[in-house]
Amino acid sequence: MAGAMGQILSHFAYTVVISTVFSIVVSFTVTPLLASRMLPEQMKEPGKIGRALDRFFNSLENLYRRSLAVILKRKWRSALVGVAVIALFILSIMGFTKIPMELVPQSDGGKIRVSVELPLGSSLDTTAAVLAEIEGRLADYKEVKTLQTALGLMGSMDIDVSVAMMEIALVPKAQRKLSNSQLAADMTRTLSDIPGAIIQVTAPAELAIAQGAPIDLYLQGADNQVLQELGTEIKNRIQNVPGIMSTAINTKAGKNELVFEPNRKQISQDGLTVQSIAVSLRAAVDGIVATTYREGGEEFDIRVKMKDSALMDIEDLRNIPIASPRGVYPLSRYADVHFESGYNKIMRSNKFRTVEISAELLPDYTQGPVMAEVMKAVKEVELPSGYTLKQAGLSDAMDESNHSMAIVFLTAILLVYMLLAAVLENLAQPLFILLTIPLSIIGVVAACLLTGTKINNIAMIGIVMLVGIVVNNAILILDYYNQLKKEGLGVVDALVKACPVKLKAILMSNIAIILGMVPMAMGIGASLAEMRQPMGVIVIGGIISSTVLTLWFIPALEYFVSCRSRLEGRKI
């Protein structure tokens, strides 16, 4: 997962960096050149639309100027603005915990996968008959375009005549009302009454960032039998968690097999070894090549073994004669011969024997909350010493991704602070500018809760983007404010003049970004629209809240800190 997600992030970052660099180059070269050639020597009178927009922005600037004058008239009013914003931020953090989290959004790729598993030992004809029944039921769905069946294969590790896999291609999304995940849930109910078959219906994502099911657990230990029993109990508990469907365990009892357990004490007393017992057993059952027969230039092996009629049941095996220095005795003297259930698959992870328990999600359920409920349910299972249960696959990838994105977010903040501190030659003002980032989080949470958007990797990329976008508002205000301060204006006069002057530039730049993100937030597009939509919603929400709150919070904070500095200077 780390490799696939890392590639997506790196490609996205390269695209943003390269496009931004070229836009800067164009703005300093091509734009002035075109402006000198195309703009008239004298400004023309604006038209009706232009005059209307000018009146609109002038009224906004006047209203904004008067509101700033009221806030900056008293220090306690500035403090009240700061307290209100902090309260909003605390509420947003509380609301952030209510937003469902997932690794990647479920995208509708127009495909459904059906895995079929019959009891071991089932014949090819039996499996084919079950598949014919499944195909007949699924063909009744008008959303199904084609059915493709692979008999005897269910993934790279499951090859047997008792398994099969079916790939279903659906008609385009515009021609159906249900998504592929909704159809998969409905097909699961349709096929649930087929006897003797374990059927899993899944809706694979259009873009597979990681392999595995949304709910994926690894149970590890030493004994296969104990793992089988614990895995079955955990699987049964997971089935009762709301939102779970198609629960599966990757191992189960296989065909019966003969087991020979040597009696090492008796073997040693009779002057034999385990190896000699094994050689005698192999010679009786499989035979040994005693010599070769040559005829016409060709050689033929002469294999000596017991007659097949002499080995008809387990008692015949127990009575196989074994020669020892003390005499000839039956095999039962030196080994316990009995039947045991075998295993159709033995899986290892990090050298530990592992049983995988997985499950799919019902439509409208999210990986994060369901995974939390699953872990609560499985904690009730008491694991013996030496046995562990951990998240794997997509479940583990989500935790790893959240940790990585947190590091990326903090790194972006640090880099922006270093740049601002170098440009402004001030260590305090960059902190004021960076406070616009928490203001954007308020809008992110509000947008997610209002639209039902879920937090995932794609959405987190949008949050990282906001670090570089929302600081521009405060930079515009504080840069002009610093110029006015150098010209001799006081703190209040400089703020009241600087903020309204930059209002139009702030609004125009942020409105342009919002309008550019609207198609993405609306999910317009046939391919991977579900993947892009969370980023659009989050960026729009973050920009709106940061823009609105920055216009009053940054001036109020600057005024409040300046007043404190003057008071401390007087005390000194």
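For the structure, check the block above.
The structure reproduced in this document is the subject of the present report. None of the values given here were measured: they were computed from a predicted structure.

Attention shifts here to the overall build of the protein chain. The secondary structure content of the protein chain amounts to 18 helices and 15 strands. With respect to the principal axes defined by its C-alpha atoms, the protein chain has extents near 115 × 65 × 55 Å. Out of the 572 residues in the protein chain, the part that is buried amounts to 40%. Charge centroids of the protein chain, computed over 53 positive and 52 negative side chains, lie 15 Å from each other.

Our focus in this paragraph is the pairing of strand β11 (residues 327-330). Pairing between strand β10 (residues 321-324) and β11: four bridges, direction antiparallel. Pairing of P321 across the sheet is with P330, part of β11. From the end of β10 to the start of β11, which pair antiparallel, there are two residues.

If you look at the biggest cluster of nonpolar residues, it comprises 59 residues, and the most contacted ones within it are I437, L466, Y481 and I538. Looking at this core, the elements that each hand over two or more residues are α4 (75-96), α12 (393-424), α13 (429-434), α14 (436-451), α15 (457-469), α16 (471-486), α17 (491-521) and α18 (529-571). If sequence neighbours within four positions are ignored, I437 has contacts with F409, I413, V467, V470 and V471. In terms of nonpolar packing, the next biggest core, distinct from the first, is built from 25 residues, L138, M187, I194 and A203 among them.

Along a regular strand, successive side chains alternate from one face of the sheet to the other. Strand direction decides the pairing type here: strand β8 (residues 288-295) and strand β9 (residues 298-304), joined by seven bridges, are antiparallel. Looking at the pairing, T291 lines up with I302 of β9. Count of turn residues in the β8/β9 antiparallel hairpin: two residues, of which G296 carries a positive phi of about 60°.

Okay, the environment of T188 next. Within the secondary structure, T188 is located in helix α6 (residues 180-191). Sequence separation between T188 and I199 is eleven residues, and the spatial gap between their C-alpha atoms is 7.7 Å. Apart from the residues within four sequence positions on either side, T188 is in contact with V201, M245 and S246. Of the polar contacts made by the side chain of T188, one reaches the backbone oxygen of A184; its length is 2.8 Å.

In this section: the sheet that holds strand β2 (residues 144-153). The strand order β2-β3-β1-β4 describes an open sheet built from four strands, whose pairing is antiparallel. Each edge of the sheet is formed by a strand with only one pairing partner; in this case those strands are β2 and β4 (198-202). With direction set aside, neighbouring strand axes in the sheet form an average angle of 15°. Where strand β1 (residues 111-117) and strand β3 (residues 159-170) come together, seven bridges link them in antiparallel fashion. Pairing of I112 across the sheet is with I168, part of β3. Its contacts with the sheet place helix α5 (residues 124-138) against β1, β2, β3 and β4, and it is angled at close to 15° to β3.

Calculation notes
Residues numbered from 1 in each chain as written. Predicted model: local features only at pLDDT ≥ 70, side-chain atom pairs only at ≥ 80, totals over all residues. Heavy atoms only, no water. Helix = DSSP H or I, 4+ residues; strand = E, 2+ residues; numbered from the N terminus. Buried < 20%, exposed > 50% of the residue type's maximum accessible area, 1.4 Å probe, protein only. Lys, Arg positive; Asp, Glu negative; His and termini not counted. Charge placed at Lys NZ, Arg CZ, Asp CG, Glu CD. Pairing = 2+ DSSP bridges. Core = buried A, V, L, I, M, F, W, Y, C linked by side-chain atoms within 4.5 Å. Contact = heavy atoms within 4.5 Å. Polar contact = N/O pair within 3.5 Å; in protein donor to acceptor, adjacent residues only side chain to side chain. Axes fitted to C-alpha atoms, helices over the stretch in contact; angles between N-to-C directions.

Fair warning: the whole summary comes from geometry, so function is off the table for now.
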